[in-house]
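Residue strings, one per chain:
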Amino acid sequence: MGRTIPIIKIYDNLLVSIQVELSDALVAELKDDVTAEISRTGARGLIFEVSGVDILDSYIARSIRDLSHIVQLMGVRAVIAGLDPSMAITLVEMGLSMSGVSTALNLESALEMLARQDRNDQLKLDAMLREDAAGADEDVT
Amino acid sequence: MNAAVSPRVPPRGNYGRLIGILTEYVPESVARGIITHALTRTGVSEQALEQGLFSARLLEALYRGVDLFLEVPARKQECKDRICVISSMAPADLAGPGPRARAEQVNIDREDDIVTARNRARFMAEDLGFSKTDQIKIATAVSELARNIFKYAGRGLIALEPQSPPRPGIKIVACDQGGGIPNLDEIMGGGYRSKTGLGLGILGCKRLMDEFNIETGPGKGTKITLFKLKT
């Protein structure tokens, strides 16, 4: 048993470090595992760490992008971290778009990025609650 | 797959000599690991090593292992020198470009073969002196072709051929006897997107390479020839 690709919880995020060849079966497994793990842990961010990937062909890139879109539908921010410079060049020259997916230079930046966005969300939420509270006060008086 | 380290290798010949040297610096398990890794990486078999095949690339791969596991610089150098001596290759031979890679063929029958094909392509590109980015481009293109063969034709073949001057580079030929590509124009026009994302594969290959040729037709199979010039 056990997962081929481990999913690790770190703070409020899940970390998926892809170090093996992604086959069709593995992509399907990853979709199930990641979405299940999100609903189980209530994670707010998902990081795909791809520095261990040797080649990102269109199939693998698209699989990661699709999975990012899937988790975004669940209200989770997805970040791809650690893309090798040569692979970034190759993806762009192939004409492969990773639109709608955030990226970060490495795992550290990805965690910082998610924490920052989380803080911003929290601030907005607080401001909204304060407004609501103020509004409620006015109603009373 | 690769013949892993095994006790049946007698302590003579190049393998034994290498183990003899390395075990003076690192534990035997590590020594065997360094050799196995170097063999796997360069595609040299244990038997070939025993029979004296000692390419500059294999030597470099062994050095990489030494660099990784030995800590004292002087000991590293000493160990490398001793390995170099048994390879009966003068240190000067290492400076120039790698040995001319030989043409290779990879059968595509299973999903794993996609990985084999692109790894072989990448190592060959490295041997031929392509830049890191070009190595990735070549390996990615081969990955696309191999995946297309596996997904659509089920089986086929990828040939990798080093090309000499005046046009040095790598030629990649992918052949299969599958159903051919019926909507080629649509794919090459960029208007086609398959559910699995494979539509981009062929077009992507073309964009990554310097030359691209495709022969296909319903029931005729597909033959794609790519060429990347080494600049």
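Here, the structure is the one placed above.
Below: a short report on this structure. None of the values given here were measured: they were computed from a predicted structure. (Residues numbered from 1 in each chain as written. Chains lettered and ligands numbered in written order. Predicted model: local features only at pLDDT ≥ 70, side-chain atom pairs only at ≥ 80, totals over all residues. Heavy atoms only, no water.)

### A short note on a nonpolar patch on the surface
Residue and element names in this part refer to chain A. Put simply, the rule reads: What goes into a patch is any residue over 30% in relative accessible area without a salt bridge, connected to like charges within 9 Å or, for nonpolar side chains (Val, Leu, Ile, Met, Phe, Trp, Tyr), within 5 Å. Surface accessibility in these figures is a Shrake-Rupley result with a 1.4 Å probe; residues are shielded only by whichever protein chains are displayed. By definition, a salt bridge exists where a carboxyl oxygen of Asp or Glu is found within 4 Å of a side-chain nitrogen of Lys or Arg. Comment: elements are numbered from the N terminus, with helices defined as DSSP H or I runs of at least four residues and strands as E runs of at least two. Burial status follows relative accessibility: with a 1.4 Å probe on protein chains alone, a residue under 20% of its type maximum counts as buried, one over 50% as exposed, and anything between as partly exposed.
Together, Leu 125, Met 128 and Leu 129 line one region of the surface with nonpolar side chains, adding up to about 290 Å² of accessible area. Its location among the elements puts Leu 125 in helix α4 (residues 107–140). A relative accessible area of 41% means that Leu 125 is categorised as partly exposed.

### Considering the pattern of salt bridges
Residue and element names in this part refer to chain B. Under the defined criterion, the tally for this structure stands at 21 salt bridges over all chains. Close ionic contact of Arg 41 with Glu 126 constitutes a salt bridge, the shortest N to O distance being 3.1 Å. Residue Arg 41 is located in helix α2 (residues 28–42), and its partner Glu 126 is located in helix α6 (residues 112–127); the two are separated by 85 residues in the primary sequence. A salt bridge links Glu 161 to Lys 171; the shortest N-O distance between them is 3.9 Å. Of this pair, Glu 161 sits in strand β2 (residues 156–163) while Lys 171 sits in strand β3 (residues 169–176), and the two are ten residues apart along the sequence. Lys 171 gets classed as partly exposed once you look at its relative accessible area, which sits at 27%. Three or more residues joined by partner-sharing salt bridges are found here, namely Arg 41, Arg 57, Glu 126 and Asp 127.

### Focus: the nonpolar core
Taken as a class, soluble globular proteins show a tendency for nonpolar side chains to be buried jointly. Formally: Only buried Ala, Val, Leu, Ile, Met, Phe, Trp, Tyr and Cys residues count toward a nonpolar core, and they belong to the same one when joined by side-chain atoms within 4.5 Å. Note on definitions: a residue-residue contact is assigned when non-hydrogen atoms from the two residues lie within 4.5 Å.
Membership of the largest hydrophobic core comes to 34 residues, with the highest contact counts inside it found for A:Val16, A:Leu22, A:Val34, A:Leu46, A:Phe48 and A:Ile64. Secondary-structure elements contributing two or more residues to this core are β2 (13–17), α1 (24–41), β3 (45–49), α2 (58–73), β4 (77–81) and α3 (85–94) of chain A together with α7 (132–153) of chain B. Ranked by the residues each element gives to this core, the list is headed by α2(A), at six residues. Look past the residues within four positions of A:Leu22 in its chain and what remains in contact with it is A:Ile5, A:Val27, A:Tyr59, A:Ile60, A:Ile64 and B:Arg147. Among the nonpolar cores identified, the runner-up in size contains 32 residues, and B:Ile114, B:Ile138, B:Val142 and B:Leu145 belong to it.

### Notes on unusual backbone geometry
A cis amide bond links B:Pro165 with the next residue in sequence, B:Pro166, at an omega value of 10°. Tracing the backbone through its elements, the reader meets B:Pro166 in the loop between β2 and β3. Although it is not a glycine, A:Tyr11 adopts a positive phi angle of roughly 50°. Along the chain, A:Tyr11 turns up in the loop between β1 (7–10) and β2. Accessibility expressed as a relative area gives 66% for A:Tyr11, which makes it exposed.

### Concerning the sheet that holds strand β4 (residues 211–217) of chain B
All names here are of chain B. Applied cut-off: Only strands that DSSP links by at least two bridges are regarded as paired with each other. In this analysis, axes come from line fits to C-alpha atoms, helices being fitted only over the stretch in contact, and the angle between any two N-to-C directions falls in the range 0 to 180 degrees.
Strand order across the open sheet formed by five strands is β1-β2-β3-β5-β4, with antiparallel pairing between neighbours. Each of the sheet's edge strands pairs with one partner strand only, and the pair in question is β1 (104–108) and β4. The sheet shows a mean angle of 10° between the axes of neighbouring strands, taken without regard to direction. This element, α7, spans β1, β2, β3 and β5 (221–229) of the sheet and lies at about 5° to β3.

### Examining the interface of chain B and chain A
We count it as follows: Buried area: the accessible area, evaluated with a 1.4 Å probe, that two parts lose upon being put together, summed over both parts. In protein, a polar contact requires one atom able to donate a hydrogen and another able to accept it; more generally it is a pair of N or O atoms within 3.5 Å, and residues adjacent in sequence count only if both atoms are side-chain atoms.
If you look at the interface, chain B gives 23 residues, while chain A gives 21 residues. Approximately 2,000 Å² of surface area, both sides summed, lies buried where chain B meets chain A, with 50% of it carried by carbon and sulfur atoms. Counting the contacts that link chain B with chain A gives four salt bridges. Two residues, A:Asp54 and B:Arg118, come together in a salt bridge whose shortest N-O distance is 3.4 Å. The interface formed by chain B and chain A contains eight residue pairs in polar contact (both at pLDDT 80 or more). Of all the secondary structure elements, the ones that give two or more residues to the side of chain B that touches chain A are α6, α7 and α9 (199–208) of chain B. Considering each element in turn, the side of chain B that touches chain A owes the most residues, ten residues, to α7(B).

Purely geometric stuff here, so don't read any function into it on its own.
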